[in-house]
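So you can see what is in the structure, the chains are spelled out below.
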Amino acid sequence: ERALHAGVPQRRLSFSPDGRTLASSSYERHTAELWDVVTGRRLNEQEGHLDTVATLRFVEDGRIVSVDNGGRVVDWRLGGAARSATLPPGKGYR
């Protein structure tokens, strides 16, 4: 059993397709993080959100897409640069 940021509630969790990496976001931080499932080591922290990360998930090619409550979308990959965009108000996301 391992704790991610002991004492900090996690909002969303998503496992990579191979099950080796866990993506997480917390209620208190405007970041998404990647973790090695076996070692518990943090691999990456993605900044760039302006609000609490509402959802995140791995997509087919190994990228992670995260969206904050303000509609900002960050498209990123482990060890790579992030691209971000903001959805127009009222458009929503899933």
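In short, a report on the structure. In this text the structure is predicted, and so the values were computed from the model without any measurement. (Residues numbered from 1 in each chain as written. Predicted model: local features only at pLDDT ≥ 70, side-chain atom pairs only at ≥ 80, totals over all residues. Heavy atoms only, no water.)

## Notes on the overall build of the protein
For step 1, the next point in the chain: Within the protein, the secondary structure is distributed over zero helices and eight strands.
For step 2, the next point in the chain: The secondary structure elements of the protein, listed N-terminal to C-terminal, are β-β-β-β-β-β-β-β.
For step 3, the next point in the chain: Here the protein holds 94 residues, and 33% of them are scored as buried.
For step 4, the next point in the chain: Sequence-distant contacts, at least 24 apart, represent 27% of the contacts inside the protein between residues at least 6 apart. (Helix = DSSP H or I, 4+ residues; strand = E, 2+ residues; numbered from the N terminus. Buried < 20%, exposed > 50% of the residue type's maximum accessible area, 1.4 Å probe, protein only. Contact = heavy atoms within 4.5 Å.)

## A few points about the pairing of strand β5 (residues 53-58)
For step 1, the next point in the chain: One ladder, built from five bridges, connects β5 with strand β6 (residues 64-68); its direction is antiparallel. Residue pairing in the sheet places Phe-58 in a bridge with Ile-64 of β6.
For step 2, the next point in the chain: Linking two consecutive strands that pair antiparallel, namely β5 and β6, is a turn of five residues; a positive phi of about 95° is found at Gly-62 within it. (Pairing = 2+ DSSP bridges.)

## Looking at the environment of Val-67
For step 1, the next point in the chain: Along the chain, Val-67 falls in strand β6.
For step 2, the next point in the chain: Placed 18 residues apart in sequence, Val-67 and His-49 show a C-alpha to C-alpha distance of 7.9 Å.

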